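Structural overview
Okay, here's what each chain looks like letter by letter:
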Amino acid sequence: METIEDPYDLVAGVPSVEVFRRLRTDAGLSDKAPEAVAPALRNTWYGVVLRHHGEPVGMGRVIGDGGTAFQIVDICVHPAHQGRGLGHRVMAALTAELERRAPATAYVSLIADGPARFLYEKFGFADTAAHDSIGMYRVMGGPPAAGAAPEAAG
């Protein structure tokens, strides 16, 4: 019986700044400034890079304080490689590391874009509405969120 070699491998670590930016934009995520990406990658708690015949085609990271709070970010797979269970592989690696190293009382969050929520639900993530919580965000340097209080005059 002939065995088929898996052309994909998943390695612990983070990509270069250039590869990180390319993977995000290729997958339809927003680009990030190189001067922001470099320290972000250095401060990753745990990351993985998905490679196809050695070429990076996907990634994912866990960031956080190492004790009480973690966030799963930058999950992406190049569109030419989607639909093959590769996002599942990335999430499985990240959650396995969290289960291995994060304290039992740690809070792990993520933001699910569109149908990605169905993947994340398979790993035990639930909509925060069930806990009377709501996800919130702010982009630094962007316009204030709707309903934000104006700055006090001084």
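Attention here is on the structure that accompanies the text. (Residues numbered from 1 in each chain as written. Predicted model: local features only at pLDDT ≥ 70, side-chain atom pairs only at ≥ 80, totals over all residues. Heavy atoms only, no water.)

**A few points about unusual backbone geometry**
- Non-glycine residue His 53 carries a positive phi angle of around 50 degrees.
- Looking at the secondary structure, you find His 53 in the loop between strand 2 (46-52) and strand 3 (55-64).
- The exposure class of His 53 is exposed, given its relative accessible area of 64%.
- Here the phi dihedral of Asp 74 falls at roughly 60 degrees; this positive angle occurs in a residue that is not glycine.
- On the secondary structure map, Asp 74 appears in strand 4 (residues 69-77). (Helix = DSSP H or I, 4+ residues; strand = E, 2+ residues; numbered from the N terminus. Buried < 20%, exposed > 50% of the residue type's maximum accessible area, 1.4 Å probe, protein only.)

**Description of the pairing of strand 4**
- Of all nine residues that make up strand 4, seven are buried, and the element is covered over most of its length.
- Pairing analysis gives six bridges linking strand 3 to strand 4, with the strands arranged antiparallel. What sits directly across from Val 62, in strand 4, is Ile 72.
- The sheet contact formed by strand 4 and strand 5 (residues 107-110) spans four bridges and is parallel. Directly across from Gln 71, in strand 5, lies its bridge partner Ser 109.
- The β-α-β motif built from strand 4, the intervening helix 3 (residues 86-101) and the parallel element strand 5 has right-handed crossover chirality. (Pairing = 2+ DSSP bridges. Right-handed = clockwise from strand over helix to strand, strands pointing away.)

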